[in-house]
Amino acid sequence: MIYKDKVIVLTGGGKDAKGNPLPVIEEGPFPAQVNPIRSDESVQYGAAPLTAYYRLVIGSKAGGKLTPTGQVKWRGRKLSVQGDVEPWMVNGRLHHYEATLRVG
């Protein structure tokens, strides 16, 4: 597979048991493929005007760092992982991971 993009995987963040912020760690850049899937427009008051969805294909080393609540940076934008990060097997071996990303 040819990866044409580079992404940075963001891990950590949130708050500890005492409510103190935890640091966000940036790892990468990792080779990846990011393709648009669809976008939704909203005219509701207070809602984001545009939500875009992308399909992320990333190698096995970096994909193991992604979580269903994780984020990646791609072309200067933060995208949130939506749903599970799925491993893809080829001939019984882990080949890559795929996930759906959302911005907006």
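Below: a short report on this structure.

What counts and how
- The numbers attached to residues start from 1 for each chain and follow its sequence in the written order.
- At least 70 in pLDDT is required for a residue's local features to be given in this predicted model, at least 80 for side-chain atom pairs to be given and counted, and no such filter applies to totals for whole chains, interfaces and linings, which use all residues.
- Processing note: side-chain calculations cover all non-hydrogen atoms of the structure and skip hydrogens and water entirely.
- Pairing of aromatic side chains here covers Phe, Tyr and the six-membered ring of Trp, requires ring centres within 6.5 Å, and sorts the geometry by plane angle: under 30 degrees stacked, over 60 edge-to-face, intermediate tilted.
- Here a strand is any run of E in DSSP of at least two residues, a helix any run of H or I of at least four, and the numbering for each starts at the N terminus.
- Each residue's exposure class comes from its accessible area (1.4 Å probe, protein chains only) as a fraction of the maximum for that residue type: buried when under 20%, exposed when over 50%, partly exposed otherwise.
- Each ring is checked for a lysine NZ or an arginine CZ that lies within 6 Å of its centre and within 35 degrees of its normal; such an atom marks a charge sitting over the ring.
- Take a side-chain nitrogen of Lys or Arg and a carboxyl oxygen of Asp or Glu: if they are within 4 Å of each other, that pair is a salt bridge.

**A few points about the packing of aromatic side chains**
How two aromatic rings sit relative to each other is given by the distance of their centres and the angle of their planes.
Right, so step 1: One pass over the full model with this rule turns up 1 aromatic pair.
Right, so step 2: When the centroid spacing of 5.2 Å and the interplanar angle of 65° are considered together, the rings of tyrosine 54 and tryptophan 74 count as edge-to-face. A residue pair is termed long-range when its members are at least 10 positions apart, and tyrosine 54 in strand 3 (residues 50–59) and tryptophan 74 in strand 4 (residues 71–74) qualify at 20 residues.
Right, so step 3: Residue class for tryptophan 74 comes out buried when judged on its relative accessible area of 7%.
Right, so step 4: Here the basic side chain of arginine 38 rests over the ring of tyrosine 53, its NZ or CZ set 4.3 Å away from the ring centre.

**Points about the pattern of salt bridges**
Right, so step 1: Inspection of every chain in the model, using the stated rule, returns 4 salt bridges.
Right, so step 2: Of the charged contacts, one joins glutamate 26 and lysine 73 as a salt bridge, the two residues approaching to 2.9 Å between their closest N and O atoms. Remark: lysine 73 occurs in strand 4 and glutamate 26 occurs in strand 2 (residues 24–41); sequence separation between them is 47 residues.
Right, so step 3: With relative accessibility at 27%, the residue lysine 73 sits in the partly exposed group.
Right, so step 4: Put simply, arginine 38 and aspartate 40 hold a salt bridge, and the shortest N to O gap is 2.7 Å.

**Notes on unusual backbone geometry**
Right, so step 1: That bond from glycine 28 to proline 29 is cis: its omega, 15°, falls within 30 degrees of zero.
Right, so step 2: For arginine 75, which is not glycine, the phi dihedral falls at a positive 55°.
Right, so step 3: Here arginine 75 is to be found in the loop between strand 4 and strand 5 (77–90).
Right, so step 4: Positive phi, close to 55°, is recorded for asparagine 91, a residue that is not glycine.

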